[in-house]
Amino acid sequence: MKNCYVSNYLNIISLKNTSLLFNGFSGSVDEVSKDLGDFLKNNKRIKKQNDILEEEINFLMNRGHLTSLSKEQEIEKFKEFAKRVDDYNMKVYAKRGKLMLLLTYDCNLDCYYCYQNSIRKEKNNKLMTKDLVNQLFNDYYYQLFRDVDKGNVDIILYGGEPLLKKNREVVERALEYSKKYSSNVAAISNCTELEHYIDLLGPLPGMINFIQVSIDGDRKSHNETRSTKKGRFTFDTILRNIHIMLDKKVKVNIRINIQPKNFQNLDVLYDLLEQEEILDHPYSYVYVNNLRNNFGQVRNIDFENDKKVLELLEKMNTKDKIKHPIRRRADEVSYTIKTKKNMPFKKTRFCMKNIPNNYIVDPYGDIYGCYEEAGRSRLKIGSLRNGELKKTLNKEIYLQRNIINIKKCLGCSVALLCGGECDVKVREKNIDIKSYCNSRKKEIHQGIKNFYTKGGDFTTDYLNTLFPNL
């Protein structure tokens, strides 16, 4: 018989009484017997004709689960395919953009774990001006977005805290441009001074359409870690403002920050959000977020891991109303399969940092590729001065980071669903910028399993669809 190998890109996922074959190269998903799944898992090469039926071999070959190529040959073929996919993606990226306006590094809260704490003092609470916003949509626009129509640039308001009362005028100016060009507008806000922006909230162009807000667990836990600098509790204010946003048809992502301090009281928050009719609201998306220590801002013991969070949520029986990382991955897989039928798996780059036409601009006119790196001057990708864009080498380096240029990714069976992981996490681990794997492969496997067993039902993460990884 001819050489016959199990594909390097075959993922074998155990179901109750069967096995699910998912090929990250061909995109094929097939349910087979547990015996066949176990056989493929334990054999990298089909050596004897009587090990497996000829009909099974033909089926598996046609689906891409078996191949006549050696591992090295298949990886080379995958590399060629991934390069074509990335070329296609780059053509799409060339026509769209995202502009994150970091209006100020100032914030009215005093969260001990904030990754901006170490840089906030040196930034002197400077505010972005209306003039800079005007320049961004006029003098600087085509220096930043060479081939992108102004209506194809989504705007994200960021900080510090972007929706402070003192930022109202510059927010209005940004919204004037969003109305003129029919752009989407999102905000990443603590929503404690939202009363100054209620008339600017809504689903239409020229309004803030999407908002992400964070809660640090139940009322007691939240007020201990997310109070104002003056010591004022914020939980009830945020809860009230969530209702206002939902009533105004703003799509709201509610991120629950998980720490050991609030971990065990998550069920209290769940019950409250259920009573408040927030969990089932069509405009809300509620998920847990494990705080990260990317800049060594606090002790590692202040962070919880995904596995413990998953176990707790399963015990709580939240029925997918609160998403943990694995459930969010299932949603993402479902969304990808349902909306990208001709080429379902094509994620060759991880996030905005590695994609052209994605910028964070701060009040000083400094430009960054990643919202977590903003304010750290050595990591900026450019600056806007006197009508001229001056670039650093960082952006070109970041654009080189894709699965084609990461050796470990080329051999990974879920590379086209991952995109190469976050290189901010890479720096946290002090390893080569081109290689890092976290729990994402396990999350993708569970996501595929959830998608297959639940018939593809999913809740759309609206904000993440437009602005991934926020």
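Our subject is the structure listed above.
The present account deals with the structure reproduced in this document. (Residues numbered from 1 in each chain as written. Predicted model: local features only at pLDDT ≥ 70, side-chain atom pairs only at ≥ 80, totals over all residues. Heavy atoms only, no water.)

Things to note about the nonpolar core
Inference 1: With 66 residues, the main nonpolar core has Leu 157, Ile 208 and Ile 211 as its most contacted residues.
Inference 2: Per element, the largest residue contribution to this core is 6 residues, and it comes from helix α9 (residues 235-247).
Inference 3: Ranked by size, the runner-up nonpolar core spans 24 residues in total, among them Ile 13, Phe 22, Ala 415 and Phe 451. (Core = buried A, V, L, I, M, F, W, Y, C linked by side-chain atoms within 4.5 Å. Buried < 20%, exposed > 50% of the residue type's maximum accessible area, 1.4 Å probe, protein only. Helix = DSSP H or I, 4+ residues; strand = E, 2+ residues; numbered from the N terminus.)

A few points about the pattern of salt bridges
Inference 1: Counted by the stated rule, this structure contains 16 salt bridges.
Inference 2: Two residues, Glu 373 and Lys 353, come together in a salt bridge whose shortest N-O distance is 2.5 Å. Taken as a pair, Glu 373 in the loop between β14 (366-368) and β15 (382-385) and Lys 353 in the loop between α12 (325-339) and β13 (358-361) lie far apart in primary sequence, 20 residues in all.
Inference 3: Residue classification places Lys 353 among the buried residues on the basis of a relative accessible area of 1%. (Salt bridge = Lys/Arg side-chain N within 4 Å of Asp/Glu carboxyl O.)

What about the pairing of strand β10 (residues 251-258)?
Inference 1: Counted residue by residue, β10 has 6 buried out of 8 residues, so it is predominantly covered.
Inference 2: Sheet topology places strand β9 (residues 210-215) next to β10; 6 bridges connect them, and they run parallel. Its bridge partner being in β10, Ser 214 is matched across the sheet by Arg 255.
Inference 3: In this sheet, strand β11 (residues 284-290) lies alongside β10 in parallel orientation, the contact comprising 7 bridges. Each residue of the ladder has a partner; that of Asn 253, found in β11, is Tyr 285.
Inference 4: Remark: the β10/helix α10 (residues 266-275)/β11 crossover connection has right-handed handedness. (Pairing = 2+ DSSP bridges. Right-handed = clockwise from strand over helix to strand, strands pointing away.)

So, unusual backbone geometry
Inference 1: Cis geometry is adopted by the peptide bond preceding Gly 160, which originates at Gly 159 and carries an omega value of 20°.
Inference 2: With a phi angle near 60°, Asn 124 is a residue other than glycine that sits in the positive phi range.
Inference 3: Even without being a glycine, Asn 386 presents a positive backbone phi close to 55°.
Inference 4: Tracing the chain through its elements places Asn 386 in the loop between β15 and β16 (388-391).
Inference 5: Of the residues examined, Asn 386 reaches a relative accessible area of 83% and is grouped as exposed.

Quick word on the sheet that holds strand β8 (residues 185-188)
Within a beta sheet, neighbouring strands are joined by backbone hydrogen bonds and run either parallel or antiparallel to one another.
Inference 1: Taken in spatial order, the 11 strands line up as β12-β11-β10-β9-β8-β7-β6-β13-β14-β15-β16 in an open sheet, and their pairing is mixed. Whereas interior strands pair on both sides, the edge strands pair on one side only; in this sheet they are β12 (322-323) and β16.
Inference 2: The pairing of β14 with β15 spans 2 bridges and is classified as antiparallel. Across the sheet, Asp 366 pairs through a bridge with Ser 383, a residue of β15.
Inference 3: Running at roughly 155° to β9, α9 makes contact with β9, β10 and β11 of the sheet.
Inference 4: The strands that α10 touches are β9, β10, β11 and β12; relative to β10, the one it contacts most, it runs at about 160°. (Contact = heavy atoms within 4.5 Å. Axes fitted to C-alpha atoms, helices over the stretch in contact; angles between N-to-C directions.)

Some details on the packing of aromatic side chains
Inference 1: As enumerated under the stated definition, the model contains 12 aromatic pairs in all.
Inference 2: Centroid distance Phe 22 to Phe 345: 5.3 Å. Interplanar angle 75°. Geometry classified as edge-to-face. Of this pair, Phe 22 sits in strand β3 (residues 18-23) while Phe 345 is found in the loop between α12 and β13, placing the two residues 323 residues apart along the sequence.
Inference 3: The buried category is assigned to Phe 22, whose relative accessible area is 0%.
Inference 4: Each ring, one from Tyr 285 and one from Tyr 287, has its centre 6.0 Å from the other, and the planes form 50°; the classification is tilted.
Inference 5: Every member of this aromatic cluster is reached through a ring pair, and the members are Tyr 9, Phe 25, Phe 78 and Phe 81.
Inference 6: Directly above the aromatic system of Tyr 364 lies the positively charged group of Lys 123, at a separation of 5.4 Å from the ring centroid.
Inference 7: Across from the ring centre of Tyr 359, 6.0 Å away, lies the NZ or CZ of Lys 395, which sits over that ring. (Phe/Tyr/Trp six-rings, centres within 6.5 Å; stacked < 30°, edge-to-face > 60°. Lys NZ or Arg CZ within 6 Å of the ring centre and 35° of its normal.)

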